[in-house]
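Residue-level structural notes
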Amino acid sequence: MFLRRPVMDIEGWSPDRSIKKESWRTVLTLAYQSLGVVYGDLSTSPLYVYKSTFAEDIQHSETNEEIYGVLSFVFWTLTLIPLLKYVFIVLRADDNGEGGTFALYSCFAGMPGGFGLRLRSTLEKHRVLQRMLLTLALIGTCMVIGDGVLTPAISVFSAVSGLELVVSKHHHQYIEVPVACIILLFLFYLQHYGTHRVGFLFAPVVITWLFCISAIGVYNIFHWNPHVYKALSPYYMYKFLKKTQRGGWMSLGGILLCITGSEAMFADLGHFSQLSIKIAFSFVVYPSLILAYMGQAAYLSRHHIIENDYQIGFYVSVPEKLRWPVLAIAILAAVVGSQAIITGTFSIIKQCCALGCFPRVKIVHTSSKICGQIYIPEINWTLMLLCLAVTIGFRDTKHISNASGLAVITVMLVTTCLMSLVIVLCWNRSVLLSICFIFFFGSVEALYFSASLIKFLEGAWVPVALSFIFLIVMHIWHYGTLKKYEFDVQNKVSINWLLGLGPNLGIVRVRGIGLIHTELVSGVPAIFSHFVTNLPAFHQVLVLFCIKYVPVPHVRPDERFLVGRIGPKEYRVYRCIAVMAIVTLSWTMWSLRRILFLV
């Protein structure tokens, strides 16, 4: 008889799902923190967008059609993708507060997840569809991990490249890469302090940076070209493509970088809340970025003599007296810019582990209030090593930006495809609405994807290679996990067999507690029969330990463990089911010892 609740009730277990409504003070605090964690990458994109766009595919002429066309593309891309798609649509498709591609996949997979439970029976009949959705989600997940390697490299490298304007070129070529590597080492070292501490530390930097770029943008607009606002018209996109043709299409890979970090709004959703992320972007980040890009375009529209690629970068549009302080703030902002994708990678790896698609890693919860704020040491140091390798290997922003662009747009395409299915199957909206969603946003993203893919040999191969490696690891682990569970189910031993062995189970019982981990919630795992057959002794207390994830963001302390006795009391055999959202195995083992001590 079970001490709390029958084990067979675990599938239908329904804990208290009531979530306390957040106060406005909490929402604004989270919005403030999100500026330092979520939007750092997006806010530093003005450092390299124009520079990457005009790298080689198009030239900046005196007619200004190119610069006006690029500004129009940047404005409408920022408006359609981050603002319309993510803020108003995608953020609503969270999985009990968690975001990212696996949050969308859990809508269909029949695994732990808020939406997935309703579609379990349907997908069990369509295994091919489930495998296709899993593969699509894994591709998006692997690209996010790949972006976690590339984004810190391009953000920090772009900021450090501004040193050429304040030091001689002879010294610049020797200090650029070492300085970038030192900054990256410092960034990844800070991760173990947790999102809430890093958020409060980084948020003032991002706010200062956004204020600087928007103020410089306003100054350049009024000082150089007050009529630059006319370039926001979509007509200038048409003129741009008509004049530049193939070169203009290839330059879209540089324009694409203006939305790097947009996926972090969704991936980092578990660290904050929908409303806080929406407020921070709509009222702070979006207007600041538009003013920054307009200011750069206004300056460049009056300066057409370009001696080198730095002449079209961000720093040339900064008044000369302000370059040193702006450079210092830019370097700090670049460090912050990498934070978004790093924390997003942690969140997605956590979801992969819960769904059995990634090897188990140590997950450290850094906040007692926000359950989604985590730190994964193994992933952190792996990202650091790969990031340093990319920085030292490429040594320029051109190839890194090509690689980052392909990773970013691939994740967005995966999100669009999965989101179209959420609209129909989970939100119960019309198929026509889903088709309109995937046609509209998919067309825009496919255009950018084609421009990025054509630069495969110029650096874009890096995210593909990284994703391929992670995809193999995830598929092998997922396949092995399923096969192991199927074997345990088919070969499990009945309780009657266990009881037939007698109180001592046919072996010598010694002092201590023996734990046998299993995925089964009923029966005895086959491995135990192997123990009984081959071992001369076993512990006095035997516990069959099982972990089950449930689709809630938080499990109350009194419902975290279902502990029951198997057979008569003198057998000293128990079953413990740990019910959890997604927490670390080591924490569970520690808590289990306390429970068994009481039992």
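Throughout, a residue's number is its position along its own chain's written sequence, starting from 1. Where totals are concerned, whole chains, interfaces and linings use all residues; where local detail is concerned, this predicted model gives features only for residues with pLDDT of at least 70, and gives and counts side-chain atom pairs only at 80 or more. Each side-chain value is worked out from all heavy atoms of the structure, with water and hydrogens disregarded.

As annotated in an unreviewed UniProt entry, the protein is Potassium transporter from Sesamum angustifolium. One UniProt comment on the protein, placed under Function (unreviewed entry), says "Potassium transporter." UniProt positions are given in the numbering used here, feature names are shortened, and annotations may be inferred rather than shown by experiment.

Quick look at the pattern of salt bridges now. Salt bridge, as applied in this entry: a Lys or Arg side-chain nitrogen positioned within 4 Å of an Asp or Glu carboxyl oxygen. What the rule picks out here adds up to 7 salt bridges. For K483, the salt bridge identified is with E486, shortest N-O distance 3.8 Å. With K483 and E486 both in helix α18 (residues 461-491), this residue pair falls 3 residues apart, about one helical turn. We classify E486 as partly exposed; its relative accessible area is 39%. Residues joined by salt bridges that share partners form a network here, namely E65, E66, K239 and K243. In this description a helix means any DSSP run of H or I spanning at least four residues, a strand means any run of E spanning at least two, and both kinds are numbered starting from the N terminus. Buried residues are those whose accessible area, probed at 1.4 Å on protein chains only, stays under 20% of the maximum for their type, while exposed residues exceed 50% and partly exposed ones sit between those limits.

Our focus in this paragraph is unusual backbone geometry. Even without being glycine, Q245 reaches a positive phi, approximately 55 degrees. Along the polypeptide, Q245 turns up in the loop between α10 (235-244) and α11 (246-255). The class of Q245 is exposed, set by a relative accessible area of 55%. Of note, R572 is a non-glycine position whose phi angle comes to about 55 degrees, a positive value. In this fold, R572 is placed in the loop between β5 (561-565) and β6 (573-580). Overall, the relative accessible area of 37% leaves R572 in the partly exposed class.

Turning to α18, a few remarks are in order. Over its 31 residues, α18 extends 45 Å from the first C-alpha to the last, a length consistent with the 45 Å expected when each residue adds 1.5 Å. Within the span of α18, buried status applies to V462, P463, L466, S467, F470, L471, M474, H478 and D488. Under the convention used throughout, the expected extent of a helix is 1.5 Å for every residue step, that is, one less than its residue count.

Glancing now at the packing of aromatic side chains. Think of a pair of aromatic rings as described by two things: how far the centres are apart, and how the planes are tilted against each other in angle. The aromatic pairing rule takes the rings of Phe, Tyr and Trp, using the six-membered ring of Trp, and pairs them if the centres are within 6.5 Å, calling planes under 30 degrees apart stacked, those over 60 edge-to-face and the rest tilted. Here the structure, examined in full by the defined rule, presents 15 aromatic pairs. With centroids separated by 5.5 Å and ring planes inclined at 75 degrees, the aromatic side chains of F314 and Y315 adopt a geometry described as edge-to-face. When sorted by exposure, F314 lands in the same class as Y315, which is buried. Aromatic ring contacts, followed pair by pair, group Y68, Y235, Y236 and Y238 into a single cluster. Consider the ring centre and the ring normal. A charge sits over the ring if Lys NZ or Arg CZ is within 6 Å of that centre and within 35 degrees of that normal. Directly above the ring of W427 sits R92, whose terminal nitrogen or CZ lies 4.7 Å from the centroid.

At a closest axis distance of 7 Å, the pairing of helix α16 (residues 397-425) and α18 adopts a crossing angle of 55 degrees. Relative to α18, α16 is oriented oblique. Contacts between α16 and α18 pair A403, L406 and A407 from the former with V462, P463 and V464 from the latter. Gly counts as polar in this scheme, as do all residues outside two lists: the nonpolar Ala, Val, Leu, Ile, Met, Phe, Trp, Tyr, Cys and Pro, and the charged Asp, Glu, Lys and Arg. Considered class by class, the residues forming the contact of α16 with α18 number 6 nonpolar, no polar and no charged. Fitted lines through C-alpha atoms give the axes, limited to the stretch in contact for helices. The angle between two N-to-C directions lies from 0 to 180 degrees. An angle below 35 degrees is treated as roughly parallel, one above 145 as roughly antiparallel, one from 65 to 115 as roughly perpendicular, and anything else as oblique. Pairs of residues are marked as contacts when any of their non-hydrogen atoms sit within 4.5 Å.

Next up on the list: the packing of helix α4 (residues 65-87) against α16. Two numbers describe how α4 lies on α16: the axes approach to 13 Å, and their chain directions differ by 30 degrees. By the angle class used here, α4 and α16 are roughly parallel. At the point where α4 passes α16, the crossing takes the left-handed sense. Only M412, T415 and T416 of α16 make contact with α4, whose side of the interface consists of I81, K85 and Y86. Considering only residue class, the contact of α4 with α16 consists of 3 nonpolar, 2 polar and 1 charged. Two helices crossing with the near one rotated counterclockwise from the far one by less than a right angle form a left-handed crossing, whereas a clockwise rotation gives a right-handed crossing.

Here β5 lies mainly inside the structure; 4 of its 5 residues are buried. At least two bridges found by DSSP between two strands are what make those strands a pair. Sheet analysis places β5 next to β6, joined by 5 bridges and oriented antiparallel. Among the inter-strand pairings, L562 is bridged to a residue of β6, identified as I577.

So, about the pairing of strand β4 (residues 537-549). Successive side chains on a regular strand alternate, one facing one side of the sheet and the next facing the other. Pairing of strand β3 (residues 508-517) with β4 involves 8 bridges; the strand directions are parallel. Paired with V508 across the strands is A537, a residue of β4. Examined bridge by bridge, β4 and β6 share 8 bridges and lie parallel to one another. Following the sheet pairing, F545 is matched in β6 by C576.

On to the nonpolar core, then. Where a protein is soluble and globular, its nonpolar side chains tend to be buried together. With 153 residues, the main nonpolar core has Y39 and M419 as its most contacted residues. Ignoring anything within four residues of it in the chain, the contact list for Y39 reads S34, M265, I277, A280, F281 and V285. By nonpolar core is meant a set of buried Ala, Val, Leu, Ile, Met, Phe, Trp, Tyr and Cys residues that side-chain atoms within 4.5 Å join together. If you look at the next biggest cluster of nonpolar residues, it comprises 13 residues, including L498, I507, V524 and F538.

A few words on the confidence of the model for the protein. Per residue, pLDDT captures the predictor's confidence, and it can take any value from 0 to 100. With 80% of its residues at a pLDDT of 70 or more, the protein shows a mean pLDDT of 78. Predicted confidence for residues 110-118 stays below pLDDT 50, and this span has 31 contacts to residues more than four positions away or in other chains.

Next up on the list: the sheet that holds β6. In any sheet, the strands associate via hydrogen bonds between backbone groups, in a parallel or an antiparallel arrangement. The sheet built from 4 strands is open, its strands ordered β3-β4-β6-β5 with mixed pairing. Edge positions in the sheet fall to β3 and β5, since each has one partner strand and no second. When the angles between neighbouring strand axes are averaged without regard to direction, this sheet yields 15 degrees.

Before going further, it helps to spend a moment on a nonpolar patch on the surface. Patch criteria: residues need more than 30% relative accessible area and no salt bridge. Like-charged residues are merged within 9 Å; nonpolar side chains of Val, Leu, Ile, Met, Phe, Trp and Tyr are merged within 5 Å. All accessibility values rest on the Shrake-Rupley procedure with a 1.4 Å probe; residue burial counts only the protein chains present in the view. On the surface, a nonpolar cluster with roughly 470 Å² of combined accessible area is contributed by L453, F456, L457, W461 and V464. Inspection of the secondary structure assignment puts F456 in the loop between α17 (431-453) and α18.

Quick look at helix α15 (residues 377-394) now. Every α-helix carries 3.6 residues per turn, so stepping three or four residues along brings you back to the same face. Here α15 is 18 residues long and its end C-alpha atoms lie 26 Å apart, about the 26 Å a rise of 1.5 Å per residue gives. Once α15 ends, the next one or two residues include R395, with phi positive near 60 degrees.

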